[in-house]
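# Survey of secondary and tertiary structure
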Amino acid sequence: MELLKHLIFEYGYFGIFLALVGGIVGLPVPDEILLVTIGYYAYLGRVDLLTALVSSYLGSIIGITISYLLGAKLGLPFLLKFGGKIRLTPTRVHKAQQLFFKHGKWLLLIGYFIPELDT
């Protein structure tokens, strides 16, 4: 929580933006908790709600775009080549592909919108 306070008050709206970009791309930034904290500080009047919403929205959109581009450009060959470094074997990649072909939209919904399951 102290890290989030520092991020918001030291770097302002640009810090919010960068944290959301990083959290969505894959850095261990608790972006859901960050958004709740920003909402609370907006309620207290410590940050401007509209500016916080705009910086949060832009950070999310750019983070999602970067994630998509990384997946589209690097994709499966990258996972097969470097996945072993993070215990992502070709067998696991194949199982994940099968799950996504069968239940893709539901896996994305659960994994993205329910924060307890994506960590």
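Residues numbered from 1 in each chain as written. Predicted model: local features only at pLDDT ≥ 70, side-chain atom pairs only at ≥ 80, totals over all residues. Heavy atoms only, no water.

### Points about the layout of surface pockets
Taken as a whole, the second largest pocket spans an internal volume of roughly 210 Å³. Forming the walls of the second largest pocket are Val 25, Ser 67, Leu 70, Gly 71, Leu 74, Gly 75, Phe 78, Leu 79, Phe 82, Gly 83, Ile 86 and Leu 88. When contributions to the lining of the second largest pocket are tallied by element, the ones reaching two or more residues are helix H3 (49-73) and helix H4 (75-82). Looking at which element gives the most residues to the lining of the second largest pocket, the answer is H4, with four residues. Tallied by class, residues from the lining of the second largest pocket come to eight nonpolar, four polar and no charged. (1 Å grid on protein atoms, 1.4 Å probe; cavity = no way out; pocket = protein on both sides within 12 Å on 5 of 7 lines; lining within 4 Å. Points joined across faces, edges and corners; volume = space filled by probe spheres on them. Helix = DSSP H or I, 4+ residues; strand = E, 2+ residues; numbered from the N terminus. Nonpolar A, V, L, I, M, F, W, Y, C, P; charged D, E, K, R; others polar.)

### Observations regarding H3
Taking 1.5 Å as the rise per residue, H3 with 25 residues should run 36 Å; its terminal C-alpha atoms sit 36 Å apart, in good agreement. Where H3 is concerned, the buried positions are Ala 52, Ser 55, Ser 56, Gly 59, Ser 60 and Gly 63. Its buried side turned inward, H3 meets helix H1 (2-25) and helix H2 (31-44). Of the residues trailing H3, Gly 75 is marked for its positive phi of about 50 degrees. (Expected span 1.5 Å × (residues − 1). Buried < 20%, exposed > 50% of the residue type's maximum accessible area, 1.4 Å probe, protein only. Contact = heavy atoms within 4.5 Å.)

### A few points about the environment of Leu 88
Structurally, Leu 88 can be placed in the loop between H4 and helix H5 (90-113). When the C-alpha atoms of Leu 88 and Pro 30 are compared, they prove to be 23 Å apart, with 58 residues separating the residues in sequence. If sequence neighbours within four positions are ignored, Leu 88 has contacts with Leu 79, Gly 83 and Val 93.

### Details of the confidence of the model for the chain
Model confidence for the chain is summarised by a mean pLDDT of 86, while 92% of its residues fall at 70 or above. Between the elements of the chain, mean pLDDT differs from a low of 85, seen in H5, to a high of 94, seen in H3. (pLDDT = per-residue confidence, 0-100.)

### Quick word on the side chain of Ser 56
Take Ser 56: it is sitting in helix H3. Within the structure, the side chain of Ser 56 is placed 2.7 Å from the backbone oxygen of Ala 52, a separation counted as a polar contact. In this structure Ser 56 touches Ile 16, Leu 20, Leu 35 and Ile 38, once residues within four positions along its chain are discounted. (Polar contact = N/O pair within 3.5 Å; in protein donor to acceptor, adjacent residues only side chain to side chain.)

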